[in-house]
Amino acid sequence: KYRRSNHRSSHFPNILDPDSQPLSTLGNFKALPLEIFQIILRCLSVKDISMLSMVSKTVSQHIINYISTSSGSKRLLLQDFHNLELPDRRQDSTILEHYRSLGLLFKRCTLLLPTKERLKYIHKILAETLTAGWDELECHRVYNFLCELTNLSRKMQTVVCSKPGNARKLELRIRLFCRNVLLDHWTHRSDSAFWLTCILKPWPMVNQARLLYIIFGPVAPQDGQVVWQKMIEEPADEPSLKGLADAIKLLYDTGTKGWTADDVISLVDELSVVPREWLLENNAHLLILSGNSICFTFMASKAVNGRAIELAKLIVFLALVCEKELYCMDWAVKMTRKVCKVFSTPVERNNFLQSVANAFAYVIMEMLQSVMSGDHDEDDRSFLNLFHLVHAQANFHKEVLYLTMNTLST
């Protein structure tokens with residue numbers, strides 16, 4: 001019995017026996033060749049590999065070495081995660097979950113390393129899980145590292161200094177990298193605002209507006225490339241403007257460091273001339289989608305700076321957008337009333353309201369002339385726009401009367 005028991009213990013050493021040799025930090029994996037260990041890793045899910053990496057520092061290092069091999073990198077770092085032309089885009093959530101798990105794996109594997117060393121294992125992806133809990137200084141280091149790794153700053157320099165559309169493929173690459181790697185999929189808006197600030201703040205305001213348009217502006221449905229002429233040549237629909245509006249709200253609403261209300265309003269003003277001056281209808285539509293606070297602050301800024309004529313014309317197009325997009329016209333009237341209070345004297349307020357009435361008449365005359373002088377196709381579009389504007393004027397003044405009568409009755 002004694003010999004039989006002793007024979008058993010030689011195969012399975014008792015780790016509680018003080019005379020036995022201590023186990024390797026690889027455990028029973030020590031007996032396996034490295035190639036077999038990597039074959040085992042290939043059979044495990046990313047989450048399982050992530051759990052295994054916490055067994056010991058040695059196991060973690062072996063896993064890092066596996067990730068660094070061509071086969072490990074090819075398996076874990078999906079090459080087409082950013083490709084808009086993939087046949088089945090329904091797999092987006094699966095790809096996103098894969099990169100979340102991968103971010104957790106990188107985080108666990110490099111837990112004991114300083115930030116500078118951890119960044120070496122990011123490669124060309126940045127999952128939100130990887131930087132969760134890091135302070136801003138570390139995240140700035142991540143951004144600087146990614147810029148250095150991908151030459152992002154040099155690529156941005158090229159597109160902001162080139163004529164819009166001259167580097168279409170590079171514009172698309174910048175858009176996809178910024179959206180899919182740095183900005184989208186964050187749970188907290190403040191995180192997205194932080195990374196957007198990292199992208200924009202190193203540049204002058206005019207370049208910030210250009211980059212904002214490249215990253216969030218309208219794109220062609222065929223190839224996903226940025227459409228530069230859309231805001232200049234024709235009224236844009238809500239989906240074309242929503243990305244820009246959401247980005248502006250992100251910077252304005254989250255109290256992001258480095259941004260004041262004046263900064264955001266200046267950015268909106270600069271954006272409306274990228275690449276050239278927008279149609280006022282598109283400018284008005286962007287302000288509506290950006291929310292009440294930004295819209296009022298933008299309009300109040302014009303009132304304070306003596307640009308009442310521009311402001312009156314903008315109100316006409318706010319009313320036009322409300323009419324065409326079936327937004328509430330009483331919103332445009334209440335916003336006008338609120339802006340009126342910015343003017344300090346009754347005379348200034350009356351003059352401004354007269355400017356609004358004159359602006360309606362002026363814009364209607366402009367559209368009427370366009371109908372009379374345009375070709376057949378353009379004539380139909382201009383006539384439809386004129387139709388909407390006449391209805392907008394009628395509904396705007398109807399809401400003004402309702403507001404006046406309600407005020408008098410109370």
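All values reported here derive from a predicted model rather than from experimental measurement. (Residues numbered from 1 in each chain as written. Predicted model: local features only at pLDDT ≥ 70, side-chain atom pairs only at ≥ 80, totals over all residues. Heavy atoms only, no water.)

Topic: the side chain of Ser272
Then, in step 1: Relative to the helices and strands, Ser272 resides in the loop between helix H16 (261–271) and helix H17 (280–290).
Then, in step 2: We classify Ser272 as buried; its relative accessible area is 8%.
Then, in step 3: For Ser272, the contacting residues outside a window of four places in its chain are Glu277, Trp278 and Asn283. (Helix = DSSP H or I, 4+ residues; strand = E, 2+ residues; numbered from the N terminus. Buried < 20%, exposed > 50% of the residue type's maximum accessible area, 1.4 Å probe, protein only. Contact = heavy atoms within 4.5 Å.)

Some thoughts on the UniProt feature "domain: F-box" (unreviewed entry) in the protein
Then, in step 1: UniProt records the feature "domain: F-box" (unreviewed entry) for residues 32–63 in the present numbering.
Then, in step 2: Within residues 32–63, the helical portion is 75% and the strand portion 0%, while the C-alpha atoms at the span's ends are 14 Å from each other. (UniProt positions renumbered as here; feature names shortened; annotations may be inferred.)

Thoughts on a nonpolar patch on the surface
Then, in step 1: There is a patch of nonpolar side chains on the surface, built from Leu32, Ile36 and Ile39 and spanning about 210 Å² of accessible area.
Then, in step 2: Counting through the fold element by element, Leu32 comes out in the loop between helix H1 (2–11) and helix H2 (34–43).
Then, in step 3: Accessibility expressed as a relative area gives 32% for Leu32, which makes it partly exposed. (Patch = residues over 30% accessible without salt bridge, like charges linked within 9 Å, V, L, I, M, F, W, Y side chains within 5 Å. Areas by Shrake-Rupley, 256 points an atom, 1.4 Å probe, with all protein chains shown as cover. Salt bridge = Lys/Arg side-chain N within 4 Å of Asp/Glu carboxyl O.)

Considerations on the packing of helix H18 (residues 292–304) against helix H19 (residues 308–324)
Between two packed helices, the angle of one axis relative to the other and the distance separating the axes together describe the packing.
Then, in step 1: Relative orientation of the contacting elements H18 and H19 amounts to 150 degrees, with a least axis distance of 8 Å. By the angle class used here, H18 and H19 are roughly antiparallel. As for the relative orientation of H18 and H19, their crossing is left-handed in sense. Where H18 approaches H19, its residues Phe298, Met299, Lys302 and Ala303 are matched on the opposing element by Ala308, Glu310, Leu311, Leu314, Ile315 and Leu318.
Then, in step 2: Tallied by class, the residues present in the contact of H18 with H19 amount to eight nonpolar, no polar and two charged. (Axes fitted to C-alpha atoms, helices over the stretch in contact; angles between N-to-C directions. Parallel < 35°, antiparallel > 145°, perpendicular 65-115°, else oblique. Left-handed = near helix turned anticlockwise from the far one by under 90°. Nonpolar A, V, L, I, M, F, W, Y, C, P; charged D, E, K, R; others polar.)

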